[in-house]
Amino acid sequence: MKLTIIGSASGMPVGKRSCSAYWLENGKDVLLLDCGDGTASAIVRANLDPMRIGAIAISHSHSDHYAGFPLLIQMLHISKRKKPLKIFVSQRIIRFLKYTLEMSYMWSERIGFDLLWQPIKNNERYDFDSFSIIPHENSHLLGYKEDLFRHPLCDLKSYSFEVMCDGIRGVYSADIGALSDIDVLLAKKAQWLLLEGMHFSLEEFEKWLASKSVEKMIITHIPPEREGKDFKNAIIAEDGMSIDIFP
Ligand SMILES: [Zn+2]
C-alpha cells in the first residue's frame, strides 16, 4: 500500500504546502482522506490521476479539510468521469456540500457521474473497494459547543479514521483536540499513523510520541512556526511525498 501526501499544510496557507489531503492506494483502488483547499491542483502537481479516486472521506468542516471538494468535482466533470464517487462524511456536512455544489453549477444531472453520499456514524465500519474505514469522533470542535446556539447549522462533529486495506491497519488522526483522542486507536497495532500535528504543545507531543510504537509515524498539518522541526522516529510530511507501507 502507498500513502501519498497531497497537502501537508495547517490551516495557515503557505507557499510550498497545500491543505489537508492524503491519497491511499493499493495499486487498484484509491481512497482520498480529506479534501482541503487546493486539493485539485495539488493532485495535478503530484502527478496523480484524479479519475482513479474511488472514495473520499472528510473528517470535519474546517475549510483546510473540505474546501477543495467543489473544484475536485468540477475537475472530474471536465475530465468526463462516468464512475460513481463515494463520499463518507457527516450528515450535516452532506447537506452543506450538496448546497455548495448546487451553487457551484455542479448539478447532479450535469456532472455526468453519481455521487454516492454515505453519512458516517461514530464507530461504525464501512466496507468499500479494497478499504474499510471506521470513523471515531474526537474532541477537535467541542470547544465551540457554547457558540452553537448562535450558529445552529454547525456540526461540531470531527472524526479520526481507522483505515484497513490488504491486511494493513492504519490511523488518520485528522485534526484532534488532544493527543489522548487517538490513544484508544493506537492500543491495537497500527502499521501507520498519519498525525495532524497541531493543537498540542511540542513538549507534550515529544513525550507522547516516545510512548507509541507505530511502524510508520508521519507528522503532517505543519504550522509555519513548526517548519523545520524534526522528530525522532517520525517522518515529516512534504507535499508529493510517497510512503510505502507493508503488512
Ligand atoms: Zn480543523
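It should be emphasised that the depicted structure is a prediction, and the values quoted were computed from it without experimental measurement.

## Let's talk about the overall build of the protein
Stage number 1. For the protein, the count of helices and strands is six helices and 14 strands.
Stage number 2. Taking 2.2 N^0.38 as the reference for a compact globule, 247 residues should give roughly 18 Å; the C-alpha atoms of the protein span a radius of gyration of 17 Å, in line with that estimate.
Stage number 3. Across the 247 residues that make up the protein, the buried fraction comes to 54%.
Stage number 4. When contacts within the protein are restricted to residue pairs at least 6 apart in sequence, those whose partners lie at least 24 apart make up 63%.
Stage number 5. When the accessible surface of the protein is split by element, carbon and sulfur atoms take 53% of a total near 11500 Å².
Stage number 6. Charge-centre separation for the protein: the mean point of 29 positive side chains lies 4 Å from the mean point of 32 negative side chains.

## Things to note about the coordination of the zinc ion
Stage number 1. At this site the zinc ion is bound by His60 (NE2), His62 (ND1), His140 (NE2) and Asp175 (OD), with donor distances of 2.2 Å.
Stage number 2. Viewed at the metal, the four donor atoms of the zinc ion are separated by angles of 92 to 159°, and the geometry they form is irregular.
Stage number 3. Coordination of the zinc ion draws on donor residues from a single chain, spaced H-x1-H-x77-H-x34-D in sequence.
Stage number 4. His60 sits in the buried class, given a relative accessible area of 0%.

## Focus: helix α3 (residues 69-78)
Stage number 1. Buried residues dominate α3, accounting for seven of its 10 residues.
Stage number 2. Listed in full, the buried residues belonging to α3 are Phe69, Pro70, Leu72, Ile73, Met75, Leu76 and His77.
Stage number 3. Two residues or fewer after α3 comes Lys80, characterised by a positive phi angle close to 65°.

## A short note on the pairing of strand β2 (residues 21-25)
Stage number 1. In terms of burial, β2 is a largely internal element, five of the five residues being buried.
Stage number 2. As judged from the five bridges shared by strand β1 (residues 2-7) and β2, these two strands associate in the antiparallel manner. Residue pairing in the sheet places Gly7 in a bridge with Ala21 of β2.
Stage number 3. Here β2 runs beside strand β3 (residues 30-33); their pairing, made up of four bridges, is antiparallel. Within β3, the position partnered with Leu24 by the bridge is Leu31.

## Section: the nonpolar core
Stage number 1. Of all hydrophobic cores here, the largest spans 31 residues; its most connected members are Ile56 and Phe69.
Stage number 2. Listed by contribution, the elements that provide at least two residues to this core are β2, β3, α1 (39-45), β4 (53-57), α3, β5 (85-89), α4 (91-103) and β6 (115-119).
Stage number 3. Looking at which element gives the most residues to this core, the answer is α3, with five residues.
Stage number 4. Among all residues touching Ile56, those that are not within four sequence positions of it are Leu31, Leu32, Cys35, Phe69, Leu72, Leu85, Lys86, Ile87 and Phe88.
Stage number 5. Leu33, Phe88, Leu194 and Ile245 belong to the second-largest nonpolar core, a separate cluster that totals 28 residues.

## Points about unusual backbone geometry
Stage number 1. With phi around 65°, Tyr105 is a residue other than glycine that occupies positive phi space.
Stage number 2. Its location among the elements puts Tyr105 in the loop between α4 and α5 (108-111).
Stage number 3. Looking at Tyr105, the relative accessible area reads 52%, which means it is exposed.

## Notes on the packing of aromatic side chains
Stage number 1. Under the counting rule described, the total for this entry stands at eight aromatic pairs.
Stage number 2. Ring geometry for Phe88 and Tyr126: centres 5.9 Å apart, planes at 55°, overall tilted. Highlighted residues: Phe88 in strand β5 and Tyr126 in strand β7 (residues 126-128), separated in sequence by 38 residues. In terms of burial, Phe88 and Tyr126 fall into one category: buried.
Stage number 3. Ring pairing ties together the aromatic residues Phe88, Tyr126, Phe128 and Phe131, which thus form one cluster.
Stage number 4. When the ring centre of Phe113 is taken as origin, the NZ or CZ atom of Arg81, which lies over that ring, is 5.6 Å away.
Stage number 5. Across from the ring centre of Phe231, 5.7 Å away, lies the NZ or CZ of Lys229, which sits over that ring.

The rules behind these values
Residues numbered from 1 in each chain as written. Predicted model: local features only at pLDDT ≥ 70, side-chain atom pairs only at ≥ 80, totals over all residues. Heavy atoms only, no water. Helix = DSSP H or I, 4+ residues; strand = E, 2+ residues; numbered from the N terminus. Rg over C-alpha atoms; globule rule 2.2 N^0.38 Å. Buried < 20%, exposed > 50% of the residue type's maximum accessible area, 1.4 Å probe, protein only. Contact = heavy atoms within 4.5 Å. Areas by Shrake-Rupley, 256 points an atom, 1.4 Å probe, with all protein chains shown as cover. Lys, Arg positive; Asp, Glu negative; His and termini not counted. Charge placed at Lys NZ, Arg CZ, Asp CG, Glu CD. Donors = N, O, S within 2.8 Å, 3.2 Å for Na, K, Ca; no water. Tetrahedral: all angles 85-135°; square planar, octahedral: opposite > 155°, others 65-115°. Pairing = 2+ DSSP bridges. Core = buried A, V, L, I, M, F, W, Y, C linked by side-chain atoms within 4.5 Å. Phe/Tyr/Trp six-rings, centres within 6.5 Å; stacked < 30°, edge-to-face > 60°. Lys NZ or Arg CZ within 6 Å of the ring centre and 35° of its normal.

Don't take any of this as a statement about function, it's just geometry.
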